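# Reading the structure
So the chains spell out like this:
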Amino acid sequence: MHLFPFAACALSGVLFAAAHPIFGDGWGLPLLVWVALVPALLVTLRGSPAQAAAGGAVVGAVVAVLVGRWIPEAVRLHYEAGPALAYGISLVHALTLAPVWALLFWAVHRLHHRGVSLLLALPLVVAAVECWAPRIFPGNLATPLYLQPTWLQLADVFGMPGVSAVVAVVPAAIVLTLQDRRNRTVAKHALGTAALVLLAAQLYGQAQLWSLDRTLPNLRTVDVGVVQPGIFEPRALADTAERLAILQRGAAELEARGAQLIVWPESAYRVASVTRDVGAFPQRAKAVGDGLIPQSGFRVPLLFGGVSVDPEDGTRAWNTAWLLDDTGKVALRYDKSKMVPIVEDDALLLPLRWLFGDSFGPEGLQAGERLGIGTVNLQDGSTLRVGVLICYESILSSFVAQLGTHRPELILNIANDAHYGSPVERELHLAALLPRSIELRRSMARATLNGVSAFIDPGGRILQAERAPTPAAMLQPLPISTMTSLSPLTAPALAVFVLGACVFLGTRRGTTPPPHRPAEEAQS
């Protein structure tokens, strides 16, 4: 390809990135998602398979740099690193995403040149890539629509890859129309098909939300409180009692307002080491001051995050969430099992420690071995079965689907986005996790150190959110749903189906000219 095709691919990357909340304090132009891929598709479908892959790599690299523009600042803050390391890790992220987009455009090119209509080829490949391609920070083509829940309702059947497939129909129809502008039949068929798909998605979404609006008011509710301390200390000052004092004051306020369950963020309790054999956090203890007891000043059941250590080997540590009842007894101890690549994954940190010294990254952070499912007794005598996700885990659709098979009644997500620095990352994290409520049809309460803390209903609608990095004590009655969602069962089947369809259609011998070529060109 010459310079113009690469420029067109770069333009697609810019448009798709701009659809995400990457501007200012976290806002974007989500309507661009419907047309973002058009420039790249127009040029890559005319070239060779290798050129299509190269164009896709350009799209992916641009998306990685712009959507991940918060990464250098996060590395600088978290590791006190210089520009070389900060931008080096950003480059690593781009290099992991570019091959995924290269695969996407190469596969679309191959299917299209095997006689498969772009209206089928693009949605199939988009869904297959989102289901199977490994990415450090998984996202979906439909992620920018996170504030438009009607479009996302199909996720309760097919997961977010199914929603992305619907979005992909629109650029496919536009490309087919532009490629053969003289043939009105092609345009009518392409645009008509896209219109019918969008209409069906809208009708399904509206019907689901209408059904939820009739069902949710009749469900049992639990008054859940979230405390956001709104504080970020440099790494050297992270272990301070100031954060805990803010959290305790917020919890006492929420208890007075009627909270039945309180949620604190990941990294909330950093004032003392907690051994993994602890069975209770008593209301009072001689060993530590009253202020260092988590539930000091209130007695409501509490979920919070901290670090637990092996009682026999203090160098082995886990990123842990504890769920306490109103007496301080541990109802659930959950260790984060899906680690953030590079930041928490000890195996991936080894080469970086070799280059930059042993101080790079957390030492000995271990991965958990089971899901965060537990039941807590509330003060009114009822019980509540919760599913706990720690930070990064909330964006992993397949992992959350495993949690859903254990039928939690409420999803609790605790996170620490403070060390990422940028409000852009905080909003992107919210956008990526919000569809989990739809996929499981469960309410979600999310607590973070400095935003975005939020309450989300089973329809993926934000009931309340605190985006500012300031202290906040939020209270929300959340409907406790036991509705059955098909997504945990059908999403794996969809993954197998779309991959199988891509392989079958991509390996069969084409029986028609490449459909992107005008008829007179094909005959010459």
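## Here we look at the overall build of the chain
Assigned secondary structure in the chain consists of 16 helices and 14 strands. Split into buried and exposed, the 524 residues of the chain put 56% on the buried side. For the chain, long-range pairs separated by at least 24 residues make up 71% of all intrachain contacts whose partners lie at least 6 apart in sequence. Carbon together with sulfur atoms contributes 61% to the accessible area of the chain, which is approximately 21400 Å² in total.

## Thoughts on the environment of Ile-411
Tracing the chain through its elements places Ile-411 in strand β10 (residues 410-415). Judged by relative accessible area, Ile-411 falls into the buried class, the value being 2%. When the C-alpha positions of Ile-411 and Arg-436 are compared, they lie 9.1 Å apart, and in sequence the two are 25 residues distant. Ignoring anything within four residues of it in the chain, the contact list for Ile-411 reads Gly-387, Leu-389, Leu-403, Leu-440, Arg-442, Ser-443, Met-444 and Ala-445.

## Quick word on a nonpolar patch on the surface
Residues Leu-11, Val-14, Val-65 and Leu-66 make up a contiguous nonpolar surface patch of roughly 290 Å² in combined accessible area. For the nonpolar patch, the secondary structure elements donating two or more residues are α1 (3-18) and α3 (49-67). Its place among the elements puts Val-14 in helix α1. Since its relative accessible area comes to 39%, Val-14 is described here as partly exposed.

## Re the packing of α1 against α3
With their axes 8 Å apart at the nearest point, α1 and α3 run at an angle of 35 degrees to one another. For the crossing formed where α1 meets α3, the hand is right-handed. Taken together, the residues of α3 that come into contact with α1 (itself represented by Phe-6, Cys-9, Ala-10, Ser-12, Gly-13, Val-14, Phe-16 and Ala-17) are Ala-54, Gly-55, Val-58, Val-59, Val-62, Val-63, Leu-66 and Val-67. Tallied by class, residues from the contact of α1 with α3 come to 13 nonpolar, three polar and no charged.

## Examining the nonpolar core
Of all hydrophobic cores here, the largest spans 128 residues; its most connected members are Leu-122, Leu-384 and Leu-410. Per-element accounting of this core gives the leading share, 13 residues, to helix α8 (residues 155-179). Not counting residues within four places of it along the chain, the set of residues in contact with Leu-410 comprises Val-224, Leu-261, Leu-384, Arg-385, Val-386, Gly-387, Ser-443, Met-444, Leu-478 and Ile-480. Of all hydrophobic cores here, the second largest spans 20 residues; its members include Trp-264, Trp-322, Val-330 and Leu-475.

## What to know about the environment of Thr-193
Here Thr-193 lies in helix α9 (residues 184-215). When the C-alpha atoms of Thr-193 and Val-169 are compared, they prove to be 8.3 Å apart, with 24 residues separating the residues in sequence. Here the side chain of Thr-193 touches His-189 through a polar contact of 2.7 Å, landing on its backbone oxygen.

## Considering the sheet that holds strand β8 (residues 373-377)
Sheet strands line up and pair through hydrogen bonds in the backbone, either parallel or antiparallel. Pairing is mixed across the open sheet formed by six strands, whose spatial order is β8-β9-β10-β11-β12-β13. In this open sheet, the two strands that pair with only one neighbour each are β8 and β13 (462-466). Across this sheet, the average inter-strand angle for adjacent strands is 20 degrees, counted without regard to direction. Examined bridge by bridge, β8 and strand β9 (residues 383-390) share five bridges and lie antiparallel to one another. Paired with Thr-375 across the strands is Arg-385, a residue of β9. Sheet contacts for helix α12 (residues 397-404): β8, β9 and β10; angle to β9, the most-contacted strand, approximately 160 degrees.

## Thoughts on the packing of aromatic side chains
Counted by the stated rule, this structure contains ten aromatic pairs. Among the aromatic side chains, those forming a connected cluster through ring pairs are Trp-264, Tyr-269, Phe-298, Phe-304 and Trp-322. If you follow Arg-276 out to its NZ or CZ, it ends over the ring of Trp-318, 3.8 Å from the centre.

## Remarks on the side chain of Thr-177
Residue placement: Thr-177 occurs in helix α8. From its side chain, Thr-177 meets the backbone oxygen of Ala-173 in a polar contact 2.9 Å long. Ignoring any residue separated from it by four or fewer positions in sequence, one finds Thr-177 in contact with Ala-187, Ala-190 and Leu-191.

## Considerations on the packing of α8 against α9
Two elements in contact, α8 and α9, have axes separated by 9 Å at closest approach and are oriented at 155 degrees. With respect to α9, the axis of α8 lies roughly antiparallel. For the crossing formed where α8 meets α9, the hand is left-handed. Contacts from Asp-156, Val-157, Val-166, Val-169, Val-170, Ala-173, Leu-176 and Thr-177 in α8 reach Val-186, Ala-187, Ala-190, Leu-191, Ala-194, Val-197, Leu-198, Ala-201, Tyr-204 and Gln-208 in α9. For the contact of α8 with α9, the residue count by class is 15 nonpolar, two polar and one charged.

## Focus on the environment of Ala-84
Positionally, Ala-84 belongs in helix α5 (residues 83-112). Take Ala-84: its relative accessible area is 69%, and that puts it in the exposed class. A C-alpha to C-alpha distance of 9.3 Å links Ala-84 and Pro-72, two positions twelve residues apart in sequence.

## Side note on the pattern of salt bridges
Under the definition given, this model contains ten salt bridges. Note that Asp-335 and Arg-333 form a salt bridge whose closest N and O atoms lie 3.5 Å from each other. Residue classification places Asp-335 among the buried positions, given a relative accessible area of 8%. A salt bridge links Arg-446 to Asp-417, with the nearest nitrogen and oxygen atoms 3.3 Å apart. Taken together, the residues span a long stretch of sequence, with Arg-446 in strand β11 (residues 444-448) and Asp-417 in the loop between β10 and α13 (423-433) at a distance of 29 residues. Its relative accessible area of 0% is what places Arg-446 among the buried residues. The class of Asp-417 is buried, set by a relative accessible area of 0%.

Reading guide: rules and limits
- Residues numbered from 1 in each chain as written.
- Predicted model: local features only at pLDDT ≥ 70, side-chain atom pairs only at ≥ 80, totals over all residues.
- Heavy atoms only, no water.
- Helix = DSSP H or I, 4+ residues; strand = E, 2+ residues; numbered from the N terminus.
- Buried < 20%, exposed > 50% of the residue type's maximum accessible area, 1.4 Å probe, protein only.
- Contact = heavy atoms within 4.5 Å.
- Areas by Shrake-Rupley, 256 points an atom, 1.4 Å probe, with all protein chains shown as cover.
- Patch = residues over 30% accessible without salt bridge, like charges linked within 9 Å, V, L, I, M, F, W, Y side chains within 5 Å.
- Salt bridge = Lys/Arg side-chain N within 4 Å of Asp/Glu carboxyl O.
- Axes fitted to C-alpha atoms, helices over the stretch in contact; angles between N-to-C directions.
- Left-handed = near helix turned anticlockwise from the far one by under 90°.
- Nonpolar A, V, L, I, M, F, W, Y, C, P; charged D, E, K, R; others polar.
- Core = buried A, V, L, I, M, F, W, Y, C linked by side-chain atoms within 4.5 Å.
- Polar contact = N/O pair within 3.5 Å; in protein donor to acceptor, adjacent residues only side chain to side chain.
- Pairing = 2+ DSSP bridges.
- Phe/Tyr/Trp six-rings, centres within 6.5 Å; stacked < 30°, edge-to-face > 60°.
- Lys NZ or Arg CZ within 6 Å of the ring centre and 35° of its normal.
- Parallel < 35°, antiparallel > 145°, perpendicular 65-115°, else oblique.

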